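# What the coordinates show
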Amino acid sequence: MASSKGVFFRINFLVRSEGDERPLYVKNDGERFKGDNRTVKVLCGHTYKVEVTIRPPTSTPSRVTWAGFDLEKKEEKVDDSSAHFTFVWSTTGIEPSKSGTRSQLPIVVHLESGEQVMFSLQCKYYKASDESHYRWGDELKGVELECTTTGVAGDSVQISKTVFK
């Protein structure tokens, strides 16, 4: 799908535990860490369902790279109002974060136009048995990016706003 310069779209990310639909949590850390002031809390050794919705469906992803790995596409549904895709992400093999540290989770949505949506989330990884600390914070209902295409294959789209819901 070709892209035109200056096309505005929103891309929403919703991440839930696969199977039981448990949410991720987000905590405001102020300016304690380099990068974002919000930390997304993630359980190690867990499988997550990642839902990506693009409105309007002007651009569709050819693939999604999450922490350097291509996610497996499970579902795809496109209609006149949105393009909805479901992927699976496993945190098996990721070590828990050390106290007082945060990691950047790079996310790249490769669009069929050749453009890319690139951003990262600041994360803290918890042992699956550390539920009490993991749940400190607010339930993360999604992350929305407001984007504008550049019209040039290989370029990154411009992200004008990031909203944590």
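What comes next is a walk through the structure. Values in this document were obtained by computation on a predicted structure and should not be read as measured data.

### Considerations on the overall build of the protein
If you tally the helices and strands in the protein, you get one helix and 13 strands. Along the protein, from the amino end to the carboxyl end, the secondary structure elements read β-β-β-β-β-β-β-β-β-β-α-β-β-β. Taking 2.2 N^0.38 as the reference for a compact globule, 165 residues should give roughly 15 Å; the C-alpha atoms of the protein span a radius of gyration of 16 Å, in line with that estimate. With the principal axes as the frame, the protein shows a C-alpha extent of 45 × 35 × 25 Å. Once local pairs closer than 6 in sequence are excluded, the contacts in the protein between residues at least 24 apart make up 69%.

### A few points about the sheet that holds strand S6 (residues 69-70)
Remark on secondary structure: sheet strands pair via backbone hydrogen bonds, oriented parallel or antiparallel. Ordered in space as S6-S5-S9-S10-S3-S2-S11, the seven strands form an open sheet in which the pairing is mixed. In the strand order of this sheet, the two ends are held by S6 and strand S11 (138-140), each with one partner. Across four bridges, the pairing between strand S2 (residues 24-28) and strand S3 (residues 38-43) is antiparallel. Counted as the bridge partner of Tyr 25 is Lys 41 from S3.

### Details of the pattern of salt bridges
A complete count under the given rule lists twelve salt bridges for this structure. Residue Glu 146 pairs with Arg 10 through a salt bridge whose shortest N-O separation is 3.2 Å. Pair noted here: Glu 146 is in strand S12 (residues 143-148) and Arg 10 is in strand S1 (residues 8-17), with a separation of 136 residues, a long-range link. Since its relative accessible area comes to 33%, Arg 10 is described here as partly exposed.

### Some words on the packing of aromatic side chains
Throughout the structure, instances matching the rule amount to six aromatic pairs. Arranged with centres 5.3 Å apart and planes meeting at 85°, the rings of Tyr 25 and Tyr 134 form a pair that is edge-to-face. Here Tyr 25, found in strand S2, pairs with Tyr 134, found in helix H1 (residues 131-134); they are 109 residues apart in sequence, far enough to count as distant. Just as Tyr 25 is buried, Tyr 134 falls in that class too. Pairwise contacts between aromatic rings join Phe 13, Tyr 48, Trp 66, Trp 89 and Phe 119 into one cluster.

Parameters and conventions
- Residues numbered from 1 in each chain as written.
- Predicted model: local features only at pLDDT ≥ 70, side-chain atom pairs only at ≥ 80, totals over all residues.
- Heavy atoms only, no water.
- Helix = DSSP H or I, 4+ residues; strand = E, 2+ residues; numbered from the N terminus.
- Rg over C-alpha atoms; globule rule 2.2 N^0.38 Å.
- Contact = heavy atoms within 4.5 Å.
- Pairing = 2+ DSSP bridges.
- Salt bridge = Lys/Arg side-chain N within 4 Å of Asp/Glu carboxyl O.
- Buried < 20%, exposed > 50% of the residue type's maximum accessible area, 1.4 Å probe, protein only.
- Phe/Tyr/Trp six-rings, centres within 6.5 Å; stacked < 30°, edge-to-face > 60°.

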